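Report on the structure
Letter by letter, the chains look like this.
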Amino acid sequence: MTTTRTQFDALTEADFRNVVGHFASGVTVITTALDGKLFGSTASAFSSLSVDPLSVLACLNKTSSTNPAITESGYFAVNILSEANADLAKHFARKSDDKFAGVDYTLSEHGGVPVLEGSLATIVCEVMDAPVGGTHTVYFGRALEASAASGAPLAYYRGRFGRFEEFSI
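Residues numbered from 1 in each chain as written. Predicted model: local features only at pLDDT ≥ 70, side-chain atom pairs only at ≥ 80, totals over all residues. Heavy atoms only, no water.

**Here we look at the packing of aromatic side chains**
- Inspection of every chain in the model, using the stated rule, returns four aromatic pairs.
- Ring geometry for Phe92 versus Phe100: centroids 5.1 Å apart, planes at 65°, classification edge-to-face.
- With relative accessibility at 1%, the residue Phe92 sits in the buried group. (Phe/Tyr/Trp six-rings, centres within 6.5 Å; stacked < 30°, edge-to-face > 60°. Buried < 20%, exposed > 50% of the residue type's maximum accessible area, 1.4 Å probe, protein only.)

Set out below in C-alpha cells:
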C-alpha cells in the first residue's frame with residue numbers, strides 16, 4: 001500500500017473534511033420526542049462509551065432541530081441502521097416538518113422516544129451530560145433499553161453509503 005502524505009501550510013476546512021472522511025463509520029438516526037412532536041436526524045458520530053455506567057455518546061450539529069429537543073426532553077434513541085436502511089438515512093438527513101410521515105416506529109418505554117422499525121439495533125438513553133464542541137453537542141447517554149436484530153450494518157465512507165464486508169486475516 002502506498003501512502004501519499006500532503007503537507008498543508010494551513011489546514012483548511014476542506015482539507016480536514018477530506019482527511020476525516022477516510023474514517024469509515026456506521027450510520028444512525030438519533031431520535032427524540034418533545035411535547036408530542038417527534039424529531040430525528042441522521043448521524044455517523046456515535047460510539048459506545050462505558051459499561052459502568054452503560055453509556056454511549058452521540059454528536060449532533062447545533063443547527064439540527066433534534067438537538068434542542070433532546071436537551072429539553074432528556075432522552076434520545078440511537079437507531080443503528082442496517083444496509084437495507086439507506087433510504088431512512090437519506091430521509092432523516094433532510095429538513096422536513098414531519099420526518100416521521102410514512103416511517104414505521106414504536107415509542108420507547110423510557111421517554112417515549114421513537115424507535116425505528118427495521119433498525120439493526122437500538123439504544124434508548126437518558127442524557128447524562130451534553131457538552132458543546134464547536135458546531136456540535138456531544139450527548140452522553142445512559143443506556144436504558146437496547147435491542148439488536150440480525151443483519152449487516154450500513155456503512156459510511158468518504159460521503160457515501162456502502163456495505164461492510166467480512167474477510168479472514
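**Remarks on the UniProt feature "domain: Flavin reductase like" (unreviewed entry) in the protein chain**
- Per the UniProt record, the feature "domain: Flavin reductase like" (unreviewed entry) sits at residues 20–163.
- What you have in residues 20–163 is 12% helix and 51% strand, and the ends, taken at the C-alpha atoms, are 19 Å apart. (UniProt positions renumbered as here; feature names shortened; annotations may be inferred. Helix = DSSP H or I, 4+ residues; strand = E, 2+ residues; numbered from the N terminus.)

**Focus: the environment of Ala143**
- As for its position among the elements, Ala143 is in strand S11 (residues 136–148).
- The spacing of Ala143 and Ser48 is 95 residues in sequence and 9.9 Å in space, taken between C-alpha atoms.
- Ignoring anything within four residues of it in the chain, the contact list for Ala143 reads Leu54, Ser55, Ile123, Val124 and Cys125. (Contact = heavy atoms within 4.5 Å.)

**Overview of the pairing of strand S4 (residues 46–51)**
- Here S4 runs beside strand S5 (residues 54–61); their pairing, made up of five bridges, is antiparallel. Across the sheet, the residue bridging to Phe46 is Ala58, located in S5. (Pairing = 2+ DSSP bridges.)

**Some points on unusual backbone geometry**
- That bond from Asp52 to Pro53 is cis: its omega, 0°, falls within 30 degrees of zero.
- On the secondary structure map, Pro53 appears in the loop between S4 and S5.
- The residue Asp35 is not glycine, and still its phi comes out positive at about 50°.
- Structurally, Asp35 is set in the loop between strand S2 (28–34) and strand S3 (37–43).
- Despite not being glycine, Arg158 shows a phi value in the positive range, around 50°.

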